[in-house]
Amino acid sequence: MTRDVLECERLHKSFGGVQAVGDVNLKIQENQVCALIGPNGAGKSTLVGLVCGRFEPDAGRIVFDGQDITTLPAHARIRLGIAYTFQITSIFADLPVCENVALAARRALATTGLPRRTYTRARAVRHRVAASLEQVGLSDLGAHRAGDLAYGHQRLLEVAMGLAQAPRLFIMDEPTQGLALQEIENFKTLLAELAGSTTILLIEHNMDVVMGTAHRVAVLDAGSLIAQGTPEEVRADRRVQAAYLGTSTEQVLK
Ligand SMILES: Nc1ncnc2c1ncn2[C@@H]1O[C@H](COP(=O)(O)OP(=O)(O)O)[C@@H](O)[C@H]1O
Ligand SMILES: [Mg+2]
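Every value quoted in this text rests on a predicted model; they were computed, and no experiment measured them.

Here is what the cut-offs are and how they apply
- Residues numbered from 1 in each chain as written.
- Chains lettered and ligands numbered in written order.
- Predicted model: local features only at pLDDT ≥ 70, side-chain atom pairs only at ≥ 80, totals over all residues.
- Heavy atoms only, no water.
- Salt bridge = Lys/Arg side-chain N within 4 Å of Asp/Glu carboxyl O.
- Helix = DSSP H or I, 4+ residues; strand = E, 2+ residues; numbered from the N terminus.
- Buried < 20%, exposed > 50% of the residue type's maximum accessible area, 1.4 Å probe, protein only.
- Contact = heavy atoms within 4.5 Å.
- Near = heavy atom within 4 Å.
- Polar contact = N/O pair within 3.5 Å; in protein donor to acceptor, adjacent residues only side chain to side chain.
- Areas by Shrake-Rupley, 256 points an atom, 1.4 Å probe, with all protein chains shown as cover.
- Nonpolar A, V, L, I, M, F, W, Y, C, P; charged D, E, K, R; others polar.
- Domains from an automatic or database assignment.
- Expected span 1.5 Å × (residues − 1).

Taken as a whole, this structure holds 14 salt bridges when the rule is applied. A salt bridge links Glu9 to Arg61, with the nearest nitrogen and oxygen atoms 3.0 Å apart. One end of the pair, Glu9, is in strand S1 (residues 4-15); the other, Arg61, is in strand S4 (residues 59-64), with 52 residues separating them in the sequence. The class of Glu9 is partly exposed, set by a relative accessible area of 27%. Residue Arg61 is classed as partly exposed on the basis of its relative accessible area, which comes to 36%. Residue Glu158 pairs with Arg155 through a salt bridge whose shortest N-O separation is 3.3 Å. In this pair, Glu158 and Arg155 both sit in helix H5 (residues 151-163), three residues apart, roughly one turn of the helix. Several salt bridges share partner residues, and in doing so they unite Arg3, Glu30, Asp65 and Arg168 into one network.

Set out below in structure tokens:
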């Protein structure tokens with residue numbers, strides 16, 4: 001039986017007088033890729049901020065693996081297995097690439113009960129670092145200072161940091177933003193590899209990536225979810241087409 005990893009129930013969040021997220025219900029099943037799309041300012045980053053614990057909702061409930069996490073602090077959610085890459089790069093520029101990934105791995109392994117300074121733990125970290133860098137194609141750059149990487153590689157490093165946490169839910173906020181065409185293709189391949197074994201909430205503007213990799217697509221517009229379904233269902237939805245008016249729907253949802 002498939003189970004829901006994440007359930008958002010009637011979430012509301014306003015900033016000042018502006019409603020960023022209004023009455024949003026969203027469920028993500030285990031090992032599925034759910035893409036969250038919508039115009040700029042639709043509330044996508046706010047919604048994932050609520051799931052990560054960056055913000056607390058004004059109303060509503062967030063259930064993760066059956067546990068109510070609505071008011072849990074962000075670090076506790078990381079321990080439960082929620083990993084994320086933000087829209088803004090959040091790496092430690094002065095540290096080597098591999099050390100950035102090791103920090104993420106150690107943070108996640110801190111909860112497994114392995115004593116802090118053991119050979120076993122160090123080996124587990126090394127293993128995760130190597131595997132994660134390999135998955136995103138950065139193995140050769142492990143010793144480089146992270147701040148010296150090209151922008152696209154920094155984004156991939158963030159993905160590696162998330163993978164090193166072996167997350168139960170991996171949230172990616174516009175991971176392909178600023179990537180070159182070939183890098184986007186590589187990223188699609190990576191997503192396809194992860195799909196089916198990792199639960200992913202993907203905010204993504206590139207419809208090629210969304211339609212090619214997501215099992216489900218949810219569409220936010222002005223803080224409300226206006227459609228949810230398979231990529232095909234969402235593509236055919238009139239309200240979705242209307243939300244993208246001004247840009248050619250054919251182009252946006254091709
Ligand atoms: N920290 C914040 N403080 C004030 N307003 C915010 C904040 N974050 C987002 N907003 C506002 O909430 C709305 C939704 O923004 P956001 O969630 O970033 O949209 P998206 O990620 O879909 O582009 C926008 O009107 C934005 O200006
Ligand atoms: Mg955003």
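Once the structure has been displayed, the description carries forward.
Attention now moves to the environment of Met161. As for its placement among the helices and strands, Met161 is situated in helix H5. For Met161 and Asn31, which are 130 residues apart along the polypeptide, the C-alpha to C-alpha distance reads 19 Å. Apart from residues no more than four positions distant in its own chain, Met161 is found in contact with Ile91, Asn100, Val101 and Ala104.

To continue, consider the site of ligand 1. Inspection of the region around ligand 1 gives Phe15, Val18, Ala20, Pro39, Asn40, Gly41, Ala42, Gly43, Lys44, Ser45 and Thr46 as its neighbouring residues. A distance of 3.0 Å separates an oxygen atom of ligand 1 from a polar atom in the backbone of Gly43. Contacts to ligand 1 include Lys44, whose side-chain N or O atom sits 2.8 Å from an oxygen atom. Isolated, ligand 1 exposes 560 Å² of accessible area, and the fraction of that covered by the protein chains is 60%. For the shell around ligand 1, the leading source of residues is helix H1 (residues 44-52), giving three residues. Taken together, the residues that form the shell around ligand 1 break down as five nonpolar, five polar and one charged.

For the protein, the assigned domains read domain 1 (1-81 + 167-254) and domain 2 (92-166). The C-alpha centroid of domain 2 is placed 25 Å from the C-alpha centroid of domain 1. Every contact between the two is made by 15 residues of domain 1 and, on the other side, 14 residues of domain 2. Run the count over domain 1 and domain 2 and you get zero salt bridges. Our count for the contact surface shared by domain 1 and domain 2 stands at zero residue pairs in polar contact (both at pLDDT 80 or more). Only helix H2 (74-80), strand S7 (169-173) and helix H6 (181-194) provide two or more residues apiece to the side of domain 1 that touches domain 2. Top contributing element to the side of domain 1 that touches domain 2 by residue count: H6, with four residues. A class-by-class count of the residues in the side of domain 1 that touches domain 2 yields eight nonpolar, two polar and five charged.

With 14 residues, H6 should reach 20 Å at 1.5 Å per residue; the first-to-last C-alpha distance of 20 Å fits that figure. Those residues of H6 hidden inside the fold are in contact with helix H4 (119-136), H5, S7, strand S8 (200-203) and helix H7 (207-213).

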